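The lines below spell out each chain.
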Amino acid sequence: RYPGFFRLPEYDQILARWHADEGARLGAAGELEQARAHLEKSVRYGPQVASSWSMLGGALHGLGRIAQAREAWQKAIQLDPADQQSRSGLEATK
């Protein structure tokens, strides 16, 4: 195909992790809108990572976007049924 082409699954994993780390850092600093943007990129690059969906739910909840937060937490629970943080977040929205 294209030798040296940098579109590899491993690269997506690196991007997902970097955006998750940035989202967590910004969320802890109270920069929820910026955290949300990074976490949305994280789940786009790593849709199978439950913790990124969980953090996205937290950022969305903090921004008052409750329906979207519920969807993110439901996705996290679907990927990791033992995810207590997402279950707690979901329960708090009832």
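Our subject in this report is the structure included herewith. Only a predicted model underlies this, so the values are computations on that prediction, with no experimental measurement involved.

## A few points about the nonpolar core
Part 1 of the reasoning: One finds L39, V43, W53, L56, A59, L60, A69, A72, W73, A76, I77 and L90 forming the largest nonpolar core, which totals 12 residues.
Part 2 of the reasoning: The dominant element in this core, judged by the number of residues it contributes, is helix α4 (residues 66–79), at five residues.
Part 3 of the reasoning: For L90, the contacting residues outside a window of four places in its chain are R70, W73, Q74 and I77.

## Considerations on helix α3 (residues 50–62)
Part 1 of the reasoning: With 13 residues, α3 should reach 18 Å at 1.5 Å per residue; the first-to-last C-alpha distance of 19 Å fits that figure.
Part 2 of the reasoning: Along α3, the positions that sit buried rather than exposed are A50, S52, W53, S54, L56, G57, A59 and L60.
Part 3 of the reasoning: Packing partners of the buried residues in α3 comprise α1 (9–28), α2 (32–45), α4 and α5 (84–92).
Part 4 of the reasoning: Positive phi shows up at G64, right after α3, with a value of about 80°.

## Details of the pattern of salt bridges
Part 1 of the reasoning: Scanning the entire structure with this criterion turns up six salt bridges.
Part 2 of the reasoning: In this structure, R65 and E33 form a salt bridge, with 3.9 Å as the shortest nitrogen-oxygen distance. Highlighted residues: R65 in the loop between α3 and α4 and E33 in helix α2, separated in sequence by 32 residues.
Part 3 of the reasoning: Between E40 and R36 there is a salt bridge whose closest N-O contact spans 2.5 Å. One end of the pair, E40, and the other, R36, are both in helix α2, four residues apart, so they sit about a helical turn from each other.
Part 4 of the reasoning: A residue is classified by how much of its surface remains accessible, and E40, at 31% relative accessible area, is partly exposed.
Part 5 of the reasoning: Exposure remark for R36: the relative accessible area of 13% places this residue in the buried category.
Part 6 of the reasoning: Each of the salt bridges in this network shares a partner with another, and the network as a whole consists of E33, R36, E40 and R65.

## What about the packing of α4 against α5?
Part 1 of the reasoning: Where α4 meets α5, the axes come as close as 9 Å, and the angle between the chain directions of the two elements is 145°. When the axes of α4 and α5 are compared, the crossing they make is left-handed. The residues of α5 that touch α4, namely those facing R70, W73, Q74, A76 and I77, are S86, R87, G89 and L90.

The rules behind each value
- Residues numbered from 1 in each chain as written.
- Predicted model: local features only at pLDDT ≥ 70, side-chain atom pairs only at ≥ 80, totals over all residues.
- Heavy atoms only, no water.
- Core = buried A, V, L, I, M, F, W, Y, C linked by side-chain atoms within 4.5 Å.
- Buried < 20%, exposed > 50% of the residue type's maximum accessible area, 1.4 Å probe, protein only.
- Helix = DSSP H or I, 4+ residues; strand = E, 2+ residues; numbered from the N terminus.
- Contact = heavy atoms within 4.5 Å.
- Expected span 1.5 Å × (residues − 1).
- Salt bridge = Lys/Arg side-chain N within 4 Å of Asp/Glu carboxyl O.
- Axes fitted to C-alpha atoms, helices over the stretch in contact; angles between N-to-C directions.
- Left-handed = near helix turned anticlockwise from the far one by under 90°.

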